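Here is what each chain is made of, one letter per residue.
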Amino acid sequence: MAEYEVVHSKSPVFYPIYERKADLKHQTHYCPGCGHGVVHKLIAETIADLDLQDRTIFVSPVGCSVFAYYYFDVGNVQAAHGRASAVATALKRACPESIVIAYQGDGDLAAIGTAEIVHAANRGENITVFFINNAIYGMTGGQMAPTTLVGQTTTTTPWGRRPVNEGYPLRVCELLATLEAPVYIERVALSDNKNIMRARRAIRKAIELQRDGAGFSLVEILSPCPTIWKMTPTEARDWVAENMIRNFPLGVFRDRRLAMPGNGGPPQRSVAEVLGLTSPSLGTEAPAAATPTDTREWKMKIAGFGGQGVLLLGQILAEMGMREGKEVSWLPSYGPEMRSGSAHCHVCLSSQRIGSPLIEHPNVLVAMNEISLRKFAPSVTPGGLILYNRRTVPADLGVSNVRLLPIPAAELADQLGAAKVGNIVMLGALLELTGALSFATAEAVLQATVKNPDLLALDLRALQAGRDWARQLPREVR
Amino acid sequence: MASEPRGRVQIDPNECKGCGLCIDACPPHCLVFTEELSPYGVHPAHYLGSGCTGCGICFYVCPEPGAIVVYRLSPPPKVISTTEASRAATL
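Residues numbered from 1 in each chain as written. Chains lettered and ligands numbered in written order. Predicted model: local features only at pLDDT ≥ 70, side-chain atom pairs only at ≥ 80, totals over all residues. Heavy atoms only, no water.

## Section: the overall build of chain A
Regarding its fold elements, chain A presents 16 helices and 14 strands. By principal-axis analysis of the C-alpha atoms, chain A measures approximately 90 × 60 × 50 Å. The burial tally for chain A puts 51% of its 478 residues in the buried class. For chain A, long-range pairs separated by at least 24 residues make up 64% of all intrachain contacts whose partners lie at least 6 apart in sequence. Here chain A has roughly 21,700 Å² of accessible surface; of this, 54% comes from carbon and sulfur atoms. Of note, chain A has its 47 positive side-chain charges centred 2 Å away from the centre of its 45 negative side-chain charges. (Helix = DSSP H or I, 4+ residues; strand = E, 2+ residues; numbered from the N terminus. Buried < 20%, exposed > 50% of the residue type's maximum accessible area, 1.4 Å probe, protein only. Contact = heavy atoms within 4.5 Å. Areas by Shrake-Rupley, 256 points an atom, 1.4 Å probe, with all protein chains shown as cover. Lys, Arg positive; Asp, Glu negative; His and termini not counted. Charge placed at Lys NZ, Arg CZ, Asp CG, Glu CD.)

Now the structure itself:
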């Protein structure tokens, strides 16, 4: 009795069912005869064969393949339009052990994302880019793409693409092959059985090169789009063979190993060294012991006008947190104005890893002006603390369940000699009222960051003034 | 036994979208559209039941990840185990 064994079946790199919609969970959303499905299968097969499923991060583009993350059971990130190769750069640099695949169409890579692909290739990022070229915008209904052929009819070139008006088709492989850094660039086509098997080899080679740390690789795949081309699937495949290949010649445009010159490079220093945290003169060789029992999580929002030292106050708090061994984040938000525009920043201090630096509901709000107070006071969590840069609070503010303390920081700073140190007065009050971080750390950070001795002296007085002001507040309001 | 096809192909009529690329690509021309419509309103491809060589071309031209499964005849075992030998003897 003859025994048959399975030689080709659905790759384990695909999810068993696709959760995108309530029904049709067993099918992709691609049209009959679409090239995307074929390329997906070739990529999945390679990932499975090379045993890279647990290391792969797939960057989906904008376009029909935007939903690739519903199909590939790997790490997935969906990038903003055209930015897949930039996002892939970041992923690869942050996770050098991962295999990062950017998957982009011609509207994505060759139009809105032209800058990103050129620079990713030019930097020789160790990523793999699969460039699906179907010479048209598929998802949006058939507009002209940069790769649309001369004479090709699209909804935006109803009389055919005319070079005099729309220019010539962009040949991405040829363009990128003028750069020094890429190690492998090939153009293949889904035009017939033989070329599909060539595409399979090219896809495999590109991923293998990344696995081996070789550098930037790109495979352009000429791909049919039967629906938008208004053809049957077999006609579309023949159109790739007869028209696309003529305009986009197949072949290997770059295949070489490149050893980037080292030139010595800058001395490698640890983050602590760069930040000056190891300098003995600062007296902070080891981070001051974070009180192990202090598991409070501080979510601070500091808001005011640009120029009030709002962002700087946040940076000082974040650096203090680092020195005390906490997890910290600092996220600034400001308008284009350097002075007098609205500015705020978010500071998280935690004993745990911080999931997001964005704070919607702070438990401490420092409002350096009335606009910020009115804008952010309602978002403070119950039991939270608001420090307001005035002697009195507006009578009609109407917030409850929070401690709202007026601290005339700018006024106190002005009396000390410069209103600009109002943020440091506020820091003194904040530390006194919350106990989140120690004064010794604040002084160490100021000493490390303020170079001008006069200003440092002023800052230290301001810190003390804020502390004193907070101490003299009646016990019941503190 | 000499007429045993080298391969076998199985097409899931619920996953097939009826694009026909496999039918066009199949070297021994052993795939055809079904007469009946699938629940999704297309004529899916199906295997005629003979002629498959197990080459796998249909699998690679098919855009659906799970529509096609290709089987190939296992190579005969090099060493016949005693149980198989005794079973062959009784046949």
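Picking up where we left off.
## Section: the overall build of chain B
Helix and strand content of chain B: three helices and four strands. Helices and strands appear in chain B in the N-to-C order β-α-β-β-α-β-α. Taking all 91 residues of chain B together, the buried fraction comes to 42%. Put simply, of all contacts in chain B between residues at least 6 apart along the chain, 56% involve residues at least 24 apart. Put simply, chain B shows about 5,200 Å² of open surface, and 60% of that area lies on carbon and sulfur atoms.

## Notes on a nonpolar patch on the surface
Residues and elements named next belong to chain A. On the surface, Val271, Leu275 and Met322 cluster together into a nonpolar patch covering about 250 Å² of accessible area. Mapping Met322 onto the fold places it in helix α11 (residues 310-323). Judged by relative accessible area, which is 33%, Met322 ranks as partly exposed. (Patch = residues over 30% accessible without salt bridge, like charges linked within 9 Å, V, L, I, M, F, W, Y side chains within 5 Å. Salt bridge = Lys/Arg side-chain N within 4 Å of Asp/Glu carboxyl O.)

## Overview of the confidence of the model for chain A
On average, residues of chain A score 91 in pLDDT, and 94% of them are at 70 or above. In this model residues 280-290 of chain A is a low-confidence stretch, pLDDT under 50, and it forms 19 contacts with partners more than four residues away in sequence or in other chains. (pLDDT = per-residue confidence, 0-100.)

## Digging into the packing of aromatic side chains
Throughout the structure, instances matching the rule amount to ten aromatic pairs over all chains. Among the aromatic side chains, those forming a connected cluster through ring pairs are A:Phe14, A:Phe58, A:Phe72 and A:Tyr103. The cationic tip of B:Arg8 hangs over the ring face of A:Tyr4; the distance from NZ or CZ to the ring centre is 5.2 Å. (Phe/Tyr/Trp six-rings, centres within 6.5 Å; stacked < 30°, edge-to-face > 60°. Lys NZ or Arg CZ within 6 Å of the ring centre and 35° of its normal.)

## Structural notes on the interface of chain B and chain A
Listed as interface residues are 36 residues of chain B and, on the opposing side, 33 residues of chain A. The three residues of chain B that bury the most area against chain A are B:Lys17, B:Tyr60 and B:Pro65, which together make up 26% of that side's buried surface. Linking chain B with chain A are one salt bridge. Close ionic contact of B:Asp24 with A:Arg237 constitutes a salt bridge, the shortest N to O distance being 3.4 Å. There are 19 residue pairs in polar contact (both at pLDDT 80 or more) connecting chain B and chain A. Where the side of chain B that touches chain A is concerned, the elements lending two or more residues are β1 (7-11), α1 (21-25), α2 (57-61) and β4 (68-73) of chain B. The element that contributes the greatest number of residues to the side of chain B that touches chain A is β4(B), accounting for six residues. Along the lines of polarity and charge, the residues of the side of chain B that touches chain A split into 21 nonpolar, seven polar and eight charged. Judged from the four bridges that link them, strand β1 (residues 4-8) of chain A and β4(B) form a sheet pairing that is antiparallel. Note on β4(B): the bridge partner recorded for A:Tyr4 is B:Leu73. (Buried area = accessible area lost by both parts, 1.4 Å probe. Polar contact = N/O pair within 3.5 Å; in protein donor to acceptor, adjacent residues only side chain to side chain. Nonpolar A, V, L, I, M, F, W, Y, C, P; charged D, E, K, R; others polar. Pairing = 2+ DSSP bridges.)

## Overview of the sheet that holds strand β2 (residues 56-60) of chain A
Residues and elements named next belong to chain A. A sheet is described by the order of its strands in space; here seven strands give the open sequence β3-β2-β4-β5-β7-β6-β8, paired in mixed fashion. Edge strands, defined here as strands with exactly one partner in the open sheet, are β3 (75-78) and β8 (251-255). The sheet shows a mean angle of 15° between the axes of neighbouring strands, taken without regard to direction. The pairing of strand β6 (residues 184-189) with strand β7 (residues 217-222) spans six bridges and is classified as parallel. By the bridge assignment for β7, Ile185 is matched with Leu218. Across the sheet, helix α2 (residues 84-94) is in contact with β2, β3 and β4 (99-105); its angle to β4 comes to roughly 175°. Where helix α9 (residues 233-247) meets the sheet, its contacts fall on β5 (128-133), β6 and β7, and the angle it forms with β7 comes to roughly 130°. (Axes fitted to C-alpha atoms, helices over the stretch in contact; angles between N-to-C directions.)

## Let's talk about unusual backbone geometry
Glycine aside, the phi torsion of most residues is negative, and most peptide linkages are trans. Although it is not a glycine, A:Ala135 adopts a positive phi angle of roughly 65°. Along the chain, A:Ala135 falls in the loop between β5 and α5 (163-166).

## Here's the deal with helix α15 (residues 439-449) of chain A
A:Phe439, A:Thr441, A:Ala442, A:Ala444, A:Val445, A:Leu446 and A:Ala448 are the residues of α15(A) that are buried. Those residues of α15(A) that are buried are in contact with α11, α14 (422-434) and α16 (453-471) of chain A.

## Describing the sheet that holds β4(B)
Strands sit in the order β1(A)-β4(B)-β1(B) across an open sheet of three strands; the sheet is antiparallel. The sheet is open, and its two borders are formed by β1 of chain A together with β1 of chain B, each paired with just one other strand. Shown here is a sheet whose adjacent strand axes are inclined to one another by a mean of 30°, direction ignored.

## A look at the nonpolar core
Core analysis: the largest hydrophobic core is formed by 61 residues, its most contacted members being A:Ile43, A:Phe130 and B:Ile68. If you tally residues by element for this core, the top one is helix α7 (residues 193-211) of chain A, at eight residues. Here A:Phe130 is in contact with A:Ile43, A:Ile101, A:Ala102, A:Tyr103, A:Gln104, A:Ile203, A:Ala206, A:Ile207, A:Val219 and A:Ile221, once residues within four sequence places are set aside. Core analysis: the next-biggest nonpolar cluster, separate from the first, contains 45 residues, A:Cys345, A:Ile407, A:Ala413 and A:Val425 among them. (Core = buried A, V, L, I, M, F, W, Y, C linked by side-chain atoms within 4.5 Å.)

## Side note on the side chain of A:His344
All names here are of chain A. Checked against the element boundaries, His344 lands in strand β11 (residues 342-350). For His344, a relative accessible area of 13% gives the class buried. Looking at His344, its side chain comes within polar contact range of the side chain of His346, at 3.5 Å. Sequence-distant contacts of His344, defined by excluding residues within four places in its chain, comprise Lys301, Ile302, Ala303, Val310, Leu311, Leu331, Pro332, Ser333 and Phe376.

## Remarks on the environment of A:Ala88
All names here are of chain A. As for its position among the elements, Ala88 is in helix α2. A relative accessible area of 0% means that Ala88 is categorised as buried. For Ala88 and Ile101, which are 13 residues apart along the polypeptide, the C-alpha to C-alpha distance reads 7.0 Å. Once residues within four sequence positions are removed from consideration, Ala88 is found in contact with Val59, Val100, Ala102 and Ile127.

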